[in-house]
Amino acid sequence: MATGIKNTTHPVEATAVMGLLPARPRLLALGEPTHGEETLLSVRNDLFRQLVEQEGYRTIAIESDCLRGLVVDDYVTSGTGTLDEVMERGFSHGWGAYAGNRELVRWMRAHNERVHHDGRPTSERLRFAGFDGPLEITGAASPRRALAALHGCLAARVDADLLPCTAETLDRLLGADDRWTEPAAMTDPARSVGRSAEARELRLLADDLVSLLDEQTPHLLATTSRDDWDRADLYGRTATGLLRYHHWMADASPARMNRLLGLRDRMMADNLLALAARGPALVNAQNAHLQREKSSMRMWQGPVEWWSAGALVSARLGDEYAFLATALGTIRHQGVDTPPPDTVEGLLYGLSEERCVVDASRLADALGDPPPAPRVSPWFGYASLDPAHLASIDGLVFVSDVEAPGRP
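Residues numbered from 1 in each chain as written. Predicted model: local features only at pLDDT ≥ 70, side-chain atom pairs only at ≥ 80, totals over all residues. Heavy atoms only, no water.

The chain appears in an unreviewed UniProt entry as Erythromycin esterase family protein from Streptomyces marokkonensis.

This is how it looks when you write it as structure tokens:
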């Protein structure tokens, strides 16, 4: 079996990845089985650089707040702000503190400066995007920023009589932001304002504002830029998504957490589809957000299941969506030691290759039927590969050892 598995591996290079695919996909997603490990961020950066330079990808999207990501995009495209400011303000989930993310942003800005110096067209600039909603596991943001920004975009360019409300009405209905960000609301639906009379009215107004944006698209594109319209569209998606999310935070039924997780990934999918409409994009997030199979996890109230952003996007784009999962051997500083030899990770670890790209379909054939049992994860922060998913994965990136922080 070892020889058969060895024949499925290739160097971690853009040419090897593209060789696994029938054509260049519009969205090429690279998953990771754990967050925040610099070794994995370094692998991502090296591979994404090659895909930009050799395959013409022009957007890099990561699992971070889509509104905060606008700060990063402004920096990499036009140099607005400083790198320190961008890393502090442009990321959610604490991602701005990681050296690998800082290096990605620095390189993207340097690439765009080189494009400008060479006199190449604006269309060849690299763009950055966060594609997560303004959400954390512990709660959701107030819809104020997205709603106010959408209203402002429209108020500046369409007849005031067409607007469904004034900015003052939105402000009154929104009230204090801490009503929306109440931490206790994640575990106690009664603490959420998501089904209040004000929230219900805001959902209707947000729907009307989004509809007005769509209705006025020809006029808006004639009087502003496509980038400005795209940004207003992002504000609209985010406002309606957040209000929908808060509505389900106030729900007390057994479906509550399934809906919340599904809504988060639906917001991710909508953002990815919007990026795909703009042009080829590279995506990085946790494997569970990008896989085609149904996602699941155990939370405080029991197991939950939902369809991931990758599954939703794949259903819409077909072969124009591709997913590379990442699997790994060890994260010794987190107690993840040498994988058992009868698991997929153990078999790949036995090849003694530091990093490789694996042909997932050929690996599945080499493993035979039934596939090996999944590796049991010894640490809650790491999700091992499910061998039954190999048939729905376009390729596998394997990293043998994740180094401890502070090591090269």
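A. Main features of the overall build of the chain. Along the chain, the regular secondary structure elements total 16 helices and 12 strands. Whereas a compact globule of 408 residues would reach a radius of gyration of roughly 22 Å, the chain reaches 22 Å, a difference of no more than 12%. By its C-alpha atoms, the chain is 70 × 55 × 40 Å across when sized along the principal axes. Expressed as a percentage of the 408 residues in the chain, the buried residues total 53%. (Helix = DSSP H or I, 4+ residues; strand = E, 2+ residues; numbered from the N terminus. Rg over C-alpha atoms; globule rule 2.2 N^0.38 Å. Buried < 20%, exposed > 50% of the residue type's maximum accessible area, 1.4 Å probe, protein only.)

B. The arrangement of helix α16 (residues 360-367) in detail. Inspection of α16 places Ala360, Leu363 and Leu367 among the buried residues, and these make up the whole buried set. All buried residues of α16 project into a common sector of 55 degrees when viewed along the axis, lining one side. Taken from the residues just after α16, Gly368 is the one with a positive phi, measuring 80 degrees. (Arc of directions from axis to C-beta.)

C. Just the environment of Pro134, in detail. Structurally, the position occupied by Pro134 is in the loop between β4 (127-132) and β5 (135-136). Judged by relative accessible area, which is 9%, Pro134 ranks as buried. Not counting the four nearest positions on each side in its chain, Pro134 is found in contact with Asp65, Cys66, Leu67, Ala140, Ala141, Thr238, Leu242 and Met267. (Contact = heavy atoms within 4.5 Å.)

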